[in-house]
Amino acid sequence: MVGLKEELLKSIWHAFTALDLDRSGKVLSHNLCTVLNVPHDPVALEEHFRDDDEGPVSNQGYMPYLNKFILEKVQGNFDKVEFNRMCWTLCAKKNLTKSPLLISDEDAFKVWVIFNFLSEDKYPLIIVPEEIEYLLKKLTEAMGAGWQQEQFDHYKVALNTSREGLSAWELIDLIGNGQFSKGMDRQTVSMAINEVFNELILDVLKQGYMLKKGHKRKNWTERWFVLKPNIISYYVSEDLKDKKGDIILDGNCCVEALPDKDGKKCLFLIKCLDKSFEISASDKKKKQEWIQAIQSTVSLLRAGSPPPHKEARQKRKELRQKLLAEQEELERQMKELQAANENKQKELETVRKQLEAAAARAAEEEKKRLQTQVELQDRFSLELEREKLVRQKMEEQVAQKSSELEQYLQRVRELEEMYKQLQEALEDEKQARQDEETVRKLQARLLEEESAKRAELEKWHLQQQQTIQMTEAEKQELENQRMIKEQALQVAMQQLEQLELERKEALEQYEEVKKKLETAANNTKSWKDKVAHHEGLIRLIEPGSKNPHLITNWGPAAFTEAELEQRQKSWKGKKASSE
C-alpha cells in the first residue's frame, strides 16, 4: 500500500498545485473520493476547510486531510487510468504548452502518467537524466529505430549544466517536438507511447492475437490476449472493449508446448488448478515468446517478486540513491577538503606573506651581501696583491733558506768531521791521562821512599844528639860511630841525591805529560769553542774536576792532602816505635 500511496500522491500533487489556493481543494477532494471509490465525508471536508485561520490551505496543510480521510481508505478497487485522467484534466490545461506537438493530447496524457511512474520520490517532481534515457530507449525500440547515444549524451551534458532533471511538461515537450524521433510519423510515435504505457503503467508484459480453443464447443476462435503479472485477459479485439475472459495465474500454473493436431500448429497448453487452456500462436517464434513470457510471470509469482519493469525501476532508484549517497559523501569530503584547502590557503597566504617578508629581508640582505662582497673583493684584491708580494718575499726567503740549508748541511758535514777529530783528541787526552796516572803512581812511590829515608835520617840525627850527650869516653866511640854514621849518612845523602835526581826526572816526565795534557785540553777547548760557534749542535764531554795538588819543596806533589796526612801518621808511628 505504501507504493500505491506514493504513486497516487504524485498525480494528486500535479492536480493540487494546478489549483488556486482557495476553496478549489474541495473540488479535488470530491473528485478523488469519486474515482478512488472512497466514501465521501462532507463534514470532515467542511471542518478542514472552515473559514477561520486554522484551516490550512497550503500544500502541507492539505496533506493531513488527504492522508487521513482519503488515502488511508483506498482499497485498490479503482481504475488507475480514470484516476490519472481526472488529475490530468485538473492540471493539463494550466501547464500544457500551447505550441503544436507531434503527439496527441491522449499521448501527452500517457507520457504524463509514465513521468509519474519514473519520477523521483521528492517534490517538486522531476525525472532524472537516467530515467529519461531509459524512457527514450524504450520508445525508440518500440518504434523500431536505432538509439542515438551520442545525441542523447550531448543533450544530457546540456541538461546537467542547468538543472537536475525535467518536469512532466518539459518531458512532454521533449517527446512531442520529435527531437529523438526524427523521421517517424505521428502514428508510429503514438503506437510506441501506447506500447510503453501498457508495459509500464498497465503492467502489460505481452499482448497479441492468438487462437483459443473453446471449452464447450471445442472450436478455435481468434482472441486478443493481454499478459499481466497475475492474469491473462483475452478480448474480441485489441480495442479492449469486449472482454471474453481471464486466465488467473499463480505459482501452481505451468505452460508446456503441444504437438500439432487438428490442423493447428504452434500449440501450447496453460495448466491452472481448475482449467487448462489450449492456444495456437501464429508462428513458432510467437509461440516460443509467449511460452517464455508466461513461464517468467509464473516464476515471479512463485518468488513473490514485482514485475520486471517495476523491479528494474526500483534497482535503478536504489543505484541512484547509492550513487547520491556516495556523491553526498564525496561532496562532504570535498567540503572538508575545501575547508582544509581554505585553511591551507590561509596558511599558504600567511606563509606567502612571510616568504615575501623573508624575500624582502633576503633581498636587503642580498644587497648588503653584494655590497659586502664587493668590499671583500676589493679587500681580497688588495690582500691578494699583498699576498703576492709576501709570496715573492717568501720565495726569496725560501731560496735563501735553501742556500742556508745547503750551508747548514755543509756545516753539519764539517761538524761531523770535527766530531771525528774531537773523538781522536779525546782518545789522545784519555791516553795522556793514563800516562799522568802512571807518572803519579811513580811519584807516589818515590815520595814514599823519600819519606822512609827522611824518617831514617831523623832517627840517625836523634841518635847523634844522644851520642853527643854521652861521656867523653864514649865520645870517641861515638865519634867513631858518628864517622861511621856520617859515612852512612853520606851514603844515604848520595842515595837521597840519587832519589832527588830520579824525582826530578819523574817531575820532568810529569811536566812533559802535563804539557801534553794541557795541549790536549787546549785542543779540546778549541774544538769545544768551534762546536759552540756552530750553534751548539754537539756538546763535548769535559774531563771531571781535579782536586788541587799539594806543593812541596821539590814542586807539585803527586799525592793529595789526605794521602799526606796518612803518611804523616805513618811516620809518627814509626818514630814513636824507634824511641
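Located above this text is the structure these notes cover.
If you're wondering where the values come from, they're calculated on a predicted model, not measured in any experiment.

Student: What's the story with the sheet that holds strand β4 (residues 243-248) in this structure? I'm lost.
Tutor: Within a beta sheet, neighbouring strands are joined by backbone hydrogen bonds and run either parallel or antiparallel to one another. Strand order in this open sheet of 7 strands is β4-β3-β2-β1-β7-β6-β5, and the pairing throughout is antiparallel. On the outer flanks of this sheet lie β4 and β5 (254-258), each paired with one strand and no other. Averaged over all adjacent pairs, the angle separating strand axes in this sheet is 35 degrees, with direction ignored.

Student: Just checking my understanding: could you explain helix α11 (residues 284-303) for this structure?
Tutor: Quick reminder: α-helices carry 3.6 residues per turn. Residues three or four places apart thus point the same way. The terminal C-alpha atoms of α11 lie 28 Å apart, and with 20 residues this matches the ideal 28 Å at 1.5 Å per residue to within 8%. Where α11 is buried, its residues touch β1 (206-213), β2 (220-228), β3 (231-235), β5 and β6 (267-271). Where α11 begins, one side-chain oxygen reaches toward the backbone nitrogen of K285, 3.2 Å away; that side chain belongs to D283. Downstream of α11 by a residue or two, G304 has a phi angle that is positive, lying close to 70 degrees.

Student: Explanation requested: the pattern of salt bridges in the structure shown.
Tutor: Pairs may arise between side chains of opposite charge once their charged atoms sit close together. Under the definition given, this model contains 28 salt bridges. The residue E278 makes a salt bridge to K261 at a minimum N-O spacing of 3.6 Å. Taken as a pair, E278 in strand β7 (residues 276-280) and K261 in the loop between β5 and β6 lie far apart in primary sequence, 17 residues in all. Overall, the relative accessible area of 18% leaves E278 in the buried class. Three or more residues joined by partner-sharing salt bridges are found here, namely E120, E131, R316 and R320.

Student: Can you help me understand a negative patch on the surface in this one?
Tutor: On the surface, a cluster of negative charge is contributed by E417, E424, E427 and D428. Tracing the sequence through the fold places E424 in helix α12 (residues 308-468). Residue classification places E424 among the exposed positions, given a relative accessible area of 52%.

Student: How should the side chain of S181 be read in this particular structure?
Tutor: In this fold, S181 is placed in the loop between α9 (168-176) and α10 (186-200). If near-sequence neighbours (up to four positions away) are discounted, S181 is found in contact with M143, I175 and V189.

Student: Sorry if this is basic, but what is going on with a nonpolar patch on the surface here?
Tutor: On the surface, a nonpolar cluster with roughly 310 Å² of combined accessible area is contributed by L330, M334 and L337. Mapped onto the fold, L337 is located in helix α12.

Student: Please explain the layout of surface pockets as it appears in this structure.
Tutor: Where empty space is left becomes clear once a probe the size of a water molecule has been rolled over the atoms. For the largest pocket, the calculated volume is near 900 Å³. Lining the largest pocket are 29 residues, and of these N194, E195, N198, Q207 and W224 sit closest to its centre. Counting residues per element, the ones that place at least two in the lining of the largest pocket are α7 (129-143), α10, β1 and α11. Here the element with the most residues in the lining of the largest pocket is α10; it accounts for 9 residues. The residue makeup of the lining of the largest pocket, split by class, is 13 nonpolar, 7 polar and 9 charged. Structurally, the lining of the largest pocket is a two-domain feature, drawing no fewer than three residues from each of domain 1 (1-201) and domain 2 (206-306).

Student: Can you help me understand the environment of K261 in this one?
Tutor: With a relative accessible area of 35%, K261 lands in the partly exposed category. If near-sequence neighbours (up to four positions away) are discounted, K261 is found in contact with L267 and E278.

Student: Got a minute to help me understand the side chain of R320 in this structure?
Tutor: Of note, R320 is situated in helix α12. Of note is the side chain of R320, whose polar atom sits 2.4 Å from the side chain of E131. Not counting residues within four places of it along the chain, the set of residues in contact with R320 comprises E120, V128, E130 and E131.

Student: What's the story with the packing of α7 against α12 in this structure? I'm lost.
Tutor: To describe two helices that pack against each other, one gives the angle between their axes and the distance between the axes. At a minimum axis separation of 11 Å, α7 and α12 run at an interaxial angle of 155 degrees. With respect to α12, the element α7 is oriented roughly antiparallel. When the axes of α7 and α12 are compared, the crossing they make is right-handed. Residues E130, E131 and Y134 of α7 touch α12, and the partners they reach there are H309, R316 and R320. Class assignment of the residues belonging to the contact of α7 with α12 gives a composition of 1 nonpolar, 1 polar and 4 charged.

Rules used throughout
- Residues numbered from 1 in each chain as written.
- Predicted model: local features only at pLDDT ≥ 70, side-chain atom pairs only at ≥ 80, totals over all residues.
- Heavy atoms only, no water.
- Pairing = 2+ DSSP bridges.
- Helix = DSSP H or I, 4+ residues; strand = E, 2+ residues; numbered from the N terminus.
- Axes fitted to C-alpha atoms, helices over the stretch in contact; angles between N-to-C directions.
- Expected span 1.5 Å × (residues − 1).
- Contact = heavy atoms within 4.5 Å.
- Polar contact = N/O pair within 3.5 Å; in protein donor to acceptor, adjacent residues only side chain to side chain.
- Salt bridge = Lys/Arg side-chain N within 4 Å of Asp/Glu carboxyl O.
- Buried < 20%, exposed > 50% of the residue type's maximum accessible area, 1.4 Å probe, protein only.
- Patch = residues over 30% accessible without salt bridge, like charges linked within 9 Å, V, L, I, M, F, W, Y side chains within 5 Å.
- Areas by Shrake-Rupley, 256 points an atom, 1.4 Å probe, with all protein chains shown as cover.
- Lys, Arg positive; Asp, Glu negative; His and termini not counted.
- Charge placed at Lys NZ, Arg CZ, Asp CG, Glu CD.
- 1 Å grid on protein atoms, 1.4 Å probe; cavity = no way out; pocket = protein on both sides within 12 Å on 5 of 7 lines; lining within 4 Å.
- Points joined across faces, edges and corners; volume = space filled by probe spheres on them.
- Nonpolar A, V, L, I, M, F, W, Y, C, P; charged D, E, K, R; others polar.
- Domains from an automatic or database assignment.
- Parallel < 35°, antiparallel > 145°, perpendicular 65-115°, else oblique.
- Left-handed = near helix turned anticlockwise from the far one by under 90°.

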